[in-house]
Amino acid sequence: MLPGILLASTLILLVLFLLERRKNQQLIKKQQGEVIEKAQEKSYELLHQAIAHSQNVYSEIEKEEGEILQKSLQDSTALQQEFENKFNNELVSFKNSIDASQVEYQKYLEDLKRRTEEAQIRNQDFIRAQIDQVFENFEQKLSDFLLETEQRSVTSIDLELKAARQLIETYKTQQLKLIDENIVAMLEKTLSLVLSKKLTLKDNVDLIYEALEKAKVEKFIV
Amino acid sequence: MSPILTSIIKDTYTISSLNRRVRALKHFLSQSLFKKGEVSPDELFIEDEDIKWLENFDQKLLSTFNANNFYAEFQKIEEEVKKVTPLIIYLPIEFPDAEVIKLGQKVRSLFSPNLIIDIKYDPTLIAGCNLVYNGSSKDYSLKKAITDNQKRIIEEFGKIGKA
């Protein structure tokens, strides 16, 4: 029951609100229409004023513009003249400076050329001196090397000769030793061949008797 | 030394002759004692010089042998002969028999009356002789003299070479 009541009251309020609102809107619209009309009138008025003002301003501007143009034309001619004068002056001075620079540059180039030539000559002399030094060193080293090689060759040859001599000496000693060993054998052989023919029986007997006598003296048989 | 051996050795100078004569004597006596009839040394195979020697041998000594003691006695003699130590003489040349006898006599005159020699030949001695007795030796040869003087000889040859 209560909710129904509440609902009904709400609906009623809403309707009332809507009616009020509609009324207000109508009222506002009416007011707005009036205001708009007023505003439109005001605005038309303002607009007319603005247009007049702007036309004034525009004419003044045109006027000033003409004056300015006039002035500027005059100024630009003077400026141009001035500029031309200045430009010519600058041109002349620039030309002069270029000439001077050219002369100076020429001088610099000549100086550079001279210095380069001098440097070249100095370098050539230096290189020549270096080459001479290198050749000198090379000759010295070559001479030293050849000397050393010669000495080494001589030393090695000496050593070889010494070894060969030593070998020959050793061989000679060995051969002499062999000869010494054989000489006695040869002597024995020779004597045995010769004495067997030359020694008579009597000689042999005498020798043997002599040996027996010696044995007796030495008391070989006791 | 037995008398018979002493008698054999009296005229015998070398060991080979001694052995030969002992054998000859034995042979002669064996034939005489055990063969019928008279036996002459000529009939036996004995060398001529031994025949002569046998003929000149002391007959008294020969008569001491008989059939009973023959082998025993000769065994003794042979054993004694084995014990004989000869003087070995190395000669460079061959001596004829006569010289061998003279050499034997010379040895006996110098050393001992019963010394027996043994002749051997060594041509390498060249001259002189080499004596060996009872294990010791003494070299009196030319070869030994050369060997002993080898250094001097080589020096002399060296001098000749330098000259």
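In the block above lies the structure referred to throughout.
Note that the coordinates shown come from a computational prediction; the quantities given were computed from them, not determined experimentally.

**Student:** Looking at this structure, I do not really get the pattern of salt bridges. What am I missing?
**Tutor:** Any two side chains of opposite charge can pair, given that their charged atoms come close. Considering all chains together, one arrives at 17 salt bridges over all chains under this definition. A:Asp111 is the salt-bridge partner of A:Arg115, the closest N and O atoms lying 3.4 Å from each other. With A:Arg115 and A:Asp111 both in helix H1 (residues 2-198) and four residues apart, this pair spans about one turn of that helix. In this structure, the salt-bridge partner of B:Lys106 is A:Glu213, at a minimum N-O distance of 2.9 Å. Of this pair, B:Lys106 sits in helix H6 (residues 97-110) while A:Glu213 sits in helix H2 (residues 201-217), each in a different chain. Residue class for A:Glu213 comes out partly exposed when judged on its relative accessible area of 35%.

**Student:** Could you clarify how one ought to interpret the layout of surface pockets in this entry?
**Tutor:** Rolled over the atoms, a probe with the dimensions of a water molecule shows which regions are left empty. All names here are of chain B. Within this model, the largest pocket holds a volume of roughly 370 Å³. Along the walls of the largest pocket sit 17 residues, with Thr-14, Ser-16, Ser-17, Asp-97 and Val-100 positioned nearest its centre. Residue assignment for the lining of the largest pocket shows that the elements contributing at least two residues are helix H2 (15-34), H6 and strand E2 (117-121). The element best represented in the lining of the largest pocket is H2, accounting for four residues. Taken together, the residues of the lining of the largest pocket break down into six nonpolar, four polar and seven charged. Computed from the structure, the second largest pocket encloses a volume of approximately 270 Å³.

**Student:** Got a minute to help me understand the interface of chain B and chain A in this structure?
**Tutor:** Many analyses report the size of an interface as the accessible area lost when the parts associate. At the junction of the two partners, chain B supplies 33 residues and chain A supplies 24 residues. Here chain B meets chain A over a buried area of about 2700 Å², counting both sides, of which 81% is carbon and sulfur. Considering only the surface of chain B that becomes buried against chain A, B:Leu110, B:Phe111 and B:Tyr140 emerge as the three largest contributors, covering 21% of it. Where chain B touches chain A, the interface holds two salt bridges. One can count four residue pairs in polar contact (both at pLDDT 80 or more) joining chain B with chain A. Contributing elements (two or more residues each) for the side of chain B that touches chain A: strand E1 (87-91), H6, strand E3 (130-133), strand E4 (136-139), helix H7 (142-148) and helix H8 (150-162) of chain B. For the side of chain B that touches chain A, the element with the highest residue contribution is H6(B), accounting for six residues. For the side of chain B that touches chain A, the class distribution of residues is 23 nonpolar, five polar and five charged.

How each quantity is defined
Residues numbered from 1 in each chain as written. Chains lettered and ligands numbered in written order. Predicted model: local features only at pLDDT ≥ 70, side-chain atom pairs only at ≥ 80, totals over all residues. Heavy atoms only, no water. Salt bridge = Lys/Arg side-chain N within 4 Å of Asp/Glu carboxyl O. Helix = DSSP H or I, 4+ residues; strand = E, 2+ residues; numbered from the N terminus. Buried < 20%, exposed > 50% of the residue type's maximum accessible area, 1.4 Å probe, protein only. 1 Å grid on protein atoms, 1.4 Å probe; cavity = no way out; pocket = protein on both sides within 12 Å on 5 of 7 lines; lining within 4 Å. Points joined across faces, edges and corners; volume = space filled by probe spheres on them. Nonpolar A, V, L, I, M, F, W, Y, C, P; charged D, E, K, R; others polar. Contact = heavy atoms within 4.5 Å. Buried area = accessible area lost by both parts, 1.4 Å probe. Polar contact = N/O pair within 3.5 Å; in protein donor to acceptor, adjacent residues only side chain to side chain.

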